[in-house]
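Chain residues, written in single-letter form:
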Amino acid sequence: MAFDTVISNGRWFDGSGGPSAIRNIGIRDGRVDAISPRPLDTEGCRNVIDAQGKWVIPGIIDIHTHYDAEVLAAPALSESLRHGVTTIVMGSCSLSTVHVDAGEAADLFGRVEAIPHEHVVRIVGEHKTWNNAHEYIDALESLALGPNVTAFIGHSDMRTAVMGLDRATRKDVRPTGAEQARMEEMLSEALDAGFLGMSSQQLLFDKIDGETCRSRTLPSTYAKRGELRRLKALLRRTGRALQSGPDISHPQNIVSQAFQSLGVRRPRLKTSLLAAADMKSSRGAVWLTVALSAMVNRLGGDFRFQHLPVPFEVYADGIDLVVFEEFGAGAAALHLKDELERNELLRDEEYRRRFRKDYDNRFGPRAWHRDFFDAEIVSCPDESVVGKSFGQVGVERGGLHPVDAFLDLVLEHGTKIRWRTTISNHRPHMLRRLARDNGLQMGFSDAGAHLRNMAFYNCGLRLLRHARDAEKAGQPFMSIERAVHRLTGELADWYGLDAGHLRVGDWADLAIIDPQRLDDSLDAYHEADVAAYGGLSRMVNRNDQTVNAVFVSGRQVFRDGQPTELLGRERTGGFLRADGRPRNAPRPVSKPISA
């Protein structure tokens, strides 16, 4: 039989971290059928790719996304695929759509993940046909999935479905015995279906959207220790993972979650915690996270911090940015949906006094550095302020406090004033140090969320560029093989996924990358409309010359930065189960694939 595809003369990486080599790769029936230093027989093969000078790597795994609504309306998930991401993890931060109804899903996702509330209601309402985890997987696999997907089941999802959103977000209400049992049943069903585990959340500035429970924190944050202990026991017994966001306002919560990974007289708890970052607001804190993960794992735990291996640069339209949720005055403004009410608040001098006090307070853990001198205005109807910081504008306007300069401009221009700042991971030498740390997982892209605020769809490519550039400069901090392993095989093996490797017999999920185009195009700013969200313009990445081809289950879904005719029309990906059950992939075709 002829190969379906032959990739010739590329530098092949198998995802294990072992040596790369120039090889010829033959793909047949969705899998890697041959890897040879000698040319392969291409007779009858109508898809032959010359990869000389290119890298052929396993498809990248993105371990932290919020595509849970978007995947239903636009299952191609092309914004990730185009950058070589072939496996996507959903259900992060205690949020999933397995059990909640459309309105509850919108309330949970709308504000904390900055996904338009009305579109979540519409999409989940139109597509939801499932009542449990098994049916959810069947529903996903009935769609024209582009990449492979897998998921955590969200604790807030289960808690809301069992208790109702109002009761689930009250401090004085605990689940009844029957409600606790039902949550445990839901989790058991999800684990049996092949979910990665459960995601929970303790971070207190993640707020609910909608009307009924607006501005309360996510349901998972209200759970007491006993409730969580019984759910975690199921994860321990099955060897599945807990993904959790700790309460950064109480550092002891981070320590407690880390040490819960230890298996003292019980199975250890595989834990992935959010997140390790070189914060501008607290430059020494990253060393504590690194030391903590090293200590716990040395004592026998299985504990990781998730880490975004690129500078964490965010954009905002006016005051619409999640970091304002972390202090009282900012959260008070975001609580108000009506523009007139919000503007009235922003004009109030007492409110401004509170905002200035919160801004000037440098004590206590926080994500945002709270420095309006480190916040560049990138667009505004008043072009005289573009390129300046809010702090500079305040100085030029007679020495205004930076907070007053910011609020004045927001009042004047609303969401038409757009600005940016880098919150963390701003020091290249620290990024190199963190990229090597075995207690950190490369990921945390938040793809599919914060649509106007950030775009890290190509963060894996940017890590490869960092490693390549350091190697070229004679100052290597990590081999290219190790960098590929960190983005692929290491993650697949930890989560128990049939992905991340490129050996004979493995599924042919792969990307062909031009290392010469790992260049400044990876950093350029772009926007593109999201048809699934009514044409909303979101931040994206565009480096179409960098990734020459992307395959999922042996089928080519991108060619030279453009989707092939398969994408969005036929299912190429599937739901990857954590217990290693065979992938339910569609049968590949043995015929030409045209763009």
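Sequence order as written defines the numbering, with residues in each chain counted from 1. Since the coordinates come from a predicted model, pLDDT governs what is reported: local features require at least 70, and pairs of side-chain atoms require 80 or more to be given and counted, while whole-chain, interface and lining totals use all residues. Water and hydrogen atoms play no part in the side-chain values, which are based on all heavy atoms of the structure.

> Quick question: what am I supposed to make of the packing of aromatic side chains here?
Any aromatic ring pair is given by two values, namely how distant the centres are and how the planes are angled relative to each other. Any Phe, Tyr or Trp ring, taking Trp's six-membered ring, that has another such ring centre within 6.5 Å forms a pair; planes under 30 degrees apart are called stacked, those over 60 apart edge-to-face, and the others tilted. Under the counting rule described, the total for this entry stands at 26 aromatic pairs. For the ring pair Phe324 and Trp368, a centre distance of 5.2 Å and an interplane angle of 70 degrees mean the geometry is edge-to-face. Of this pair, Phe324 sits in the loop between β14 (312-317) and α12 (328-335) while Trp368 sits in the loop between α14 (349-360) and β15 (376-379), placing them 44 residues apart in sequence. Each of the two residues, Phe324 as well as Trp368, counts as buried. Between Phe324 and Phe406, the ring centres sit 5.6 Å apart and the planes meet at 25 degrees, which makes this aromatic pair stacked. Here Phe406 lies in helix α16 (residues 402-413) and Phe324 lies in the loop between β14 and α12, a separation of 82 residues in the sequence. For the pair Phe324 and Phe406, one class covers both residues: buried. Members of the aromatic cluster, joined through ring pairs, are Phe324, Phe327, Tyr351, Phe355, Tyr359, Trp368, Phe372, Phe390, Phe406 and Trp419. Think of it this way: any DSSP run of H or I at least four residues long counts as a helix, any run of E at least two long counts as a strand, and we number them from the N terminus. The buried label goes to any residue with under 20% of its type's maximum accessible area, the exposed label to any with over 50%, and the partly exposed label to all in between, with areas taken from a 1.4 Å probe on protein chains only.

> Looking at this structure, how should I read the domain arrangement of the protein?
You'll often see interface size given as the accessible area lost when the parts meet. Boundary definitions for the domains trace back to an automatic or database domain assignment. Here the protein is partitioned into domain 1 (60-311 + 425-496) and domain 2 (314-423). Taken over C-alpha atoms, the centre of domain 1 sits 29 Å from the centre of domain 2. The interface of domain 1 with domain 2 comprises 21 residues on the first partner and 23 residues on the second. Carbon and sulfur atoms make up 51% of the area that domain 1 and domain 2 hide from each other, which totals about 1900 Å². Counting the surface domain 1 buries against domain 2, the share from its top three residues, Phe205, Lys280 and Asn453, is 32%. In what follows, a contact means two residues having at least one pair of non-hydrogen atoms within 4.5 Å. Once two parts are put together, the accessible area they lose, assessed with a 1.4 Å probe and summed over both, is termed the buried area.

> Is there a simple way to explain the pattern of salt bridges in this structure?
Side-chain pairing between opposite charges can occur once the charged atoms of the two side chains come close. By definition, a salt bridge exists where a carboxyl oxygen of Asp or Glu is found within 4 Å of a side-chain nitrogen of Lys or Arg. For the structure shown, the criterion picks out 45 salt bridges. Close ionic contact of Glu227 with Arg159 constitutes a salt bridge, the shortest N to O distance being 2.9 Å. Pair noted here: Glu227 is in helix α9 (residues 225-238) and Arg159 is in helix α6 (residues 155-163), with a separation of 68 residues, a long-range link. Among the residues examined, Glu227 registers a relative accessible area of 6% and is labelled buried. Across the salt bridge formed by Glu527 and Arg452, the nearest N and O atoms sit 2.8 Å from each other. Here Glu527 is found in strand β19 (residues 526-530), whereas its partner Arg452 is found in the loop between β17 (440-442) and α18 (459-472), with 75 residues between them in sequence. For Glu527, a relative accessible area of 36% corresponds to the partly exposed category. Each of Glu349, Arg352, Arg356, Asp404 and Asp408 takes part in one network of salt bridges that share partners.

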